[in-house]
Amino acid sequence: MTVTTGDTPENSSLQIPLFRWNAYWDPSAVQTVWQTDIPIVLCPLDVCEKVPVTRGFIGSLRAQSQHRLSQVAAAGYEMNIERDKQCLWDVLAAAYLAKPELFTSDLIETAIITTGPSRGRIFRHPGGRPVRVLRDVKAEEVLHYVLEQWAR
């Protein structure tokens, strides 16, 4: 299974869709994956934004700083909290692999544009490659799970 973050295939309001950013540099590689039977899960940014990194979360990491991973994660998130909105992004996508029951999702059919200015764009396409798109998340439960994993 492969899980990636980015924008939803349905969101065409962005000038540069963010799944496109993940696929832009090598759309033929993405197309190769699309042609396999590997299950694909897309974790859209609107789902990621439901699990923001807050000062409270960083405080929880600091409270378990006897664990090196919590210490490193807290320091990394703390460096950027003032500058940028932080979410768990890729951590959230990875959490899906262990805790899919904390997410709701839909299966949709998709395709990818491999050439031209829209290369790397993943879009809804009837009869295309089925992918699972995450739609919602139990944010507090994911945060609890992540804190448990980083307390090792």
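Residues numbered from 1 in each chain as written. Predicted model: local features only at pLDDT ≥ 70, side-chain atom pairs only at ≥ 80, totals over all residues. Heavy atoms only, no water.

Draft legend 1. Examining the pairing of strand β3 (residues 103–112) more closely. Pairing geometry for β3 and strand β5 (residues 129–137), over eight bridges, is antiparallel. Looking across to β5, one finds that Thr110 is bridged to Arg129. Inspection of the sheet shows β3 paired to strand β4 (residues 122–124) by three bridges, in the antiparallel sense. Residue pairing for β4: Thr110 is matched across the bridge by Arg124. (Pairing = 2+ DSSP bridges. Helix = DSSP H or I, 4+ residues; strand = E, 2+ residues; numbered from the N terminus.)

Draft legend 2. Inspection of the packing of helix α4 (residues 55–63) against helix α5 (residues 68–80) at higher detail. At a closest axis distance of 8 Å, the pairing of α4 and α5 adopts a crossing angle of 150 degrees. By the criterion of interaxial angle, the relationship of α4 to α5 is roughly antiparallel. Judged by the sense of rotation from one axis to the other, the crossing of α4 with α5 is left-handed. Here α4 contributes Phe57, Ile58, Leu61 and Arg62 to the contact with α5, which in turn contributes Ser70, Gln71, Ala73, Ala74, Ala75, Tyr77 and Glu78. Residue composition of the contact of α4 with α5, grouped by class: seven nonpolar, two polar and two charged. (Axes fitted to C-alpha atoms, helices over the stretch in contact; angles between N-to-C directions. Parallel < 35°, antiparallel > 145°, perpendicular 65-115°, else oblique. Left-handed = near helix turned anticlockwise from the far one by under 90°. Contact = heavy atoms within 4.5 Å. Nonpolar A, V, L, I, M, F, W, Y, C, P; charged D, E, K, R; others polar.)

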